[in-house]
Amino acid sequence: MVQQQHRIYILQFRKGEQEQEVSCKVSPPKGGRRVMYYYHDGGGGGKNGKPVQRRGFSLRRFFGLLLLSFMSVGTLFVAPVSLFSFVHFNDGGAAAAAAQRTRAEGAACSVMGNDTLCCDRTSTRADICFARGDLRMHSASASFQLVSGNSTAVGKVVEEERIRPYTRKWEKNVMATIDEVRLRRVSAGDAARCDVVHDVPAVLFSTGGYTGNVYHEFNDGILPLFVTAHHFRRRVVFVILEYHDWWITKYGDVVSRLSAFLPIDFTADRRVHCFPEVIAGLRIHGELTVDPEKTPEGKNIRHFRRFLDDAYRGRIQYLESLERRAARKRRGSKAKSTAVALPLAPSKQTSPDRPRLVIVSRTGSRVIENEADVAVLAAGVGFDVRVIRPERTTELCKIYRELNASDAMVGVHGAAMTHFLFMRPGKVFIQVVPLGTDWAADAYYGEPAARLGLRYVGYKILPDESSLSREYPTGDPVLTDPAGVAQRGWDVTKKVYLDRQNVRLDLARFREELVRAHQYLVAGAGQEEASEQSVHHFDRLTN
């Protein structure tokens, strides 16, 4: 077997070893990849690529087994069922997670034993397939092989399922761009030989399609990945189709909170990876949401929000340490400082009477033409105003840090409004809704924001606040009947209302919304944050 090397995102020590300080570093680029990791583990032949170690039967193990026996016998007499809970707990949650999969897999594949293959195609949004047994990834044939012990049966019945693991099943054009993967049953004699053996499940998904648009990255990818894999408690390997290095760099903090293992590039990695279970495809519950009735542990969108807190905490603390170091250097130097300020670093809030408001600025289309006036207006109302202009190269953690520290966010309808997910429940989200975007603004951002617990305000502009009023005469259907214009098709809607429209806000009218938001925030200052911290603490105790 070829030796496998894992770069995983957690620190691991053998039992009995003294904990020690380990430095975090970033791997040098290999083939254009740049992956941050904390631990480098090499070897092959054993589970998860680790060498099998022989262990002697020490006196410590003898007494440990004796104690476990006494506890198990006592538990059986008192409450037989609780024995299994005890065993699950000591398995690091892996067995407990397996016991919860039935709820996550849905009725179509709710009962699955070993050596089983099943696909649930009942959802209009995405297909998902499950396979359990001896699974072998064979990228050369774009397949996973389910090795059957009954070779005679395999010769008579060909069992194969095909799937494009992306969550926009109803959009045939984009689905045609997603690679198809086969899950097929084969006999032992026809199976590929394992190069790398894993003792954890694999989840297969694609980062193709609309990836590159932040809304789709979260809605079609990150949120479904959380729904599908969170209950594994990081004991899962991600296998990625249409693998992008930049996606791994951008979402590395999030991905490493869901999996303790380096993701596998399905197309480029030609080794045969073997798994006890494979989930091909992701579950999706709706637009930027998590339905607690459909998750194995009753998770909802607020749990996802707190998951992001955990994912970005380490990176944020590192950024703060850099800023403190830079500040000390500036104070200790009489010469002019040459330190480069970190972009999007939130300033300290001076007073609870001046809540922090962030304006998410756009370039190109749907620009707020009088944005500077809006910022001055908001400051006059009583806000501490910041304007941020996220670019494709802006580190996502810095945007998260800024919005996580804000009390209100203002922006024009578009993919950047996905960043409302970074705000704390109880805060204010004001979405400026241009002409012709009412339904999309509510469905994609307004309703999901309300489910997160934000106070959502949809500021629907009037025709004279739209740049289209300078292109079309008064009374034109483009200005008076956007819904009717939309019936001409998506291409017309996109061309007219999304690509060619800017806004110039009526300052007197918009001021009314700002005043109401300010009054709401000042009246409830601290209450929502205290409540959120209490719930977060409870979740940590119960998980």
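This structure is a prediction, so every number in the text was calculated from the model and none was measured.

1. Structural notes on the packing of helix α8 (residues 245–258) against helix α9 (residues 301–332)
Helix-helix packing: each pair is described by the crossing angle between the helix axes and the interaxial distance. Packing of α8 against α9 brings their axes to within 9 Å, and their N-to-C directions diverge by 120 degrees. It follows from the interaxial angle that α8 and α9 lie oblique. Between α8 and α9 lies a crossing whose hand is right-handed. Here α8 contributes D253, V254, R257 and L258 to the contact with α9, which in turn contributes F307, L308, D310, A311, Y312 and R315. Class assignment of the residues belonging to the contact of α8 with α9 gives a composition of six nonpolar, no polar and four charged.

2. A few points about the pairing of strand β6 (residues 128–138)
Counting buried residues in β6 gives nine out of eleven residues, a clear majority hidden from the surface. Sheet topology note: the strand β5 (residues 116–120)/β6 ladder contains five bridges and is antiparallel. Opposite T116, over in β6, you have R132 as the bridge partner. Strand direction decides the pairing type here: β6 and strand β14 (residues 273–280), joined by seven bridges, are antiparallel. Bridge assignment links R132 to a residue of β14, and that residue is E277. Note: β6 against strand β7 (residues 143–148), five bridges, orientation antiparallel. Counterpart to H138 in the pairing with β7 is S143. Here β6 folds back onto β7, and the loop between the two strands holds four residues, one of which, A142, carries a positive phi near 50 degrees.

3. Observations regarding the state of the cysteines
Disulfides are covalent bonds that link the sulfur atoms of two cysteine residues. Applying the stated rule across the entire model yields three disulfides. Linked covalently through their sulfurs, C119 and C129 form a disulfide whose S-S length is 1.9 Å. The sign of the S-S torsion, about 105 degrees, decides the handedness of the disulfide formed by C119 and C129: right-handed. Here C129 lies in strand β6 and C119 lies in strand β5, a separation of ten residues in the sequence. Each of the two residues, C119 as well as C129, counts as buried. Here C194 is linked by a disulfide to C274, with a sulfur-sulfur distance of 1.9 Å. As the torsion about the S-S bond is roughly -105 degrees, the C194-C274 disulfide counts as left-handed. Taken together, the residues span a long stretch of sequence, with C194 in the loop between β9 (181–187) and β10 (196–197) and C274 in strand β14 at a distance of 80 residues. Side by side, C194 and C274 carry an identical accessibility label, which is buried. Going through the protein in sequence order and numbering each bonded cysteine, the pairs you get are 1-2, 3-4, 5-6.

4. Here's the deal with the packing of helix α7 (residues 214–229) against α8
Axis separation between α7 and α8 bottoms out at 11 Å; the angle between their running directions is 30 degrees. When the interaxial angle is binned, α7 and α8 end up roughly parallel. For the element pair α7 and α8, the recorded crossing hand is right-handed. The segment α7 lies against α8, with V214, E217, F218, I222, L225 and F226 engaging W246, W247, K250, Y251, V254 and L258. In terms of residue class, the contact of α7 with α8 is built from ten nonpolar, no polar and two charged.

5. Comments concerning the sheet that holds strand β18 (residues 428–433)
Sheet architecture is open: five strands sit in the order β16-β15-β17-β18-β19, paired in parallel fashion. Single-partner strands in this sheet number two, and they are β16 (384–388) and β19 (455–460). For this sheet the average axis-to-axis angle between neighbouring strands, irrespective of direction, equals 20 degrees. Here five bridges tie strand β15 (residues 356–360) to β16, and the two strands are oriented parallel to one another. When the sheet's bridge partners are listed, L357 is paired in β16 with V385. Together, β15, β16 and β17 (408–412) form the strand contacts of helix α11 (residues 396–404), whose direction differs from that of β15 by roughly 140 degrees. Against the sheet, helix α16 (residues 507–523) engages β15, β17, β18 and β19, with an angle of about 165 degrees to β18.

6. A closer look at the side chain of N502
Checked against the element boundaries, N502 lands in the loop between α15 (490–498) and α16. From its side chain, N502 meets the backbone nitrogen of V367 in a polar contact 2.9 Å long. Setting aside anything within four residues of it in sequence, one finds N502 in contact with G364, S365, R366, V367, E369, E465, S466 and S467.

7. Section: α15
All buried positions along α15 are accounted for by T493, V496, Y497 and L498. All buried residues of α15 fall inside an arc of 155 degrees around its axis, so they share one side. Relative to its buried face, α15 has exposed residues pointing more than 90 degrees away, namely D491 and K495. As for α15, its buried residues are in contact with α13 (477–480) and α14 (482–486).

8. Quick look at the pattern of salt bridges
Per the counting criterion, the structure on display carries 34 salt bridges. Residue E171 pairs with R168 through a salt bridge whose shortest N-O separation is 2.7 Å. The same class applies to E171 as to R168, namely buried. Residues K427 and D407 are paired through a salt bridge, measuring 3.1 Å at the closest nitrogen-oxygen approach. Note that K427 is positioned in the loop between β17 and β18 and D407 in the loop between α11 and β17, a separation of 20 residues in sequence. D407 carries the same exposure label as K427, and that label is buried.

How each quantity is defined
Residues numbered from 1 in each chain as written. Predicted model: local features only at pLDDT ≥ 70, side-chain atom pairs only at ≥ 80, totals over all residues. Heavy atoms only, no water. Axes fitted to C-alpha atoms, helices over the stretch in contact; angles between N-to-C directions. Helix = DSSP H or I, 4+ residues; strand = E, 2+ residues; numbered from the N terminus. Parallel < 35°, antiparallel > 145°, perpendicular 65-115°, else oblique. Left-handed = near helix turned anticlockwise from the far one by under 90°. Contact = heavy atoms within 4.5 Å. Nonpolar A, V, L, I, M, F, W, Y, C, P; charged D, E, K, R; others polar. Buried < 20%, exposed > 50% of the residue type's maximum accessible area, 1.4 Å probe, protein only. Pairing = 2+ DSSP bridges. Disulfide = S-S within 2.5 Å. Polar contact = N/O pair within 3.5 Å; in protein donor to acceptor, adjacent residues only side chain to side chain. Arc of directions from axis to C-beta. Salt bridge = Lys/Arg side-chain N within 4 Å of Asp/Glu carboxyl O.

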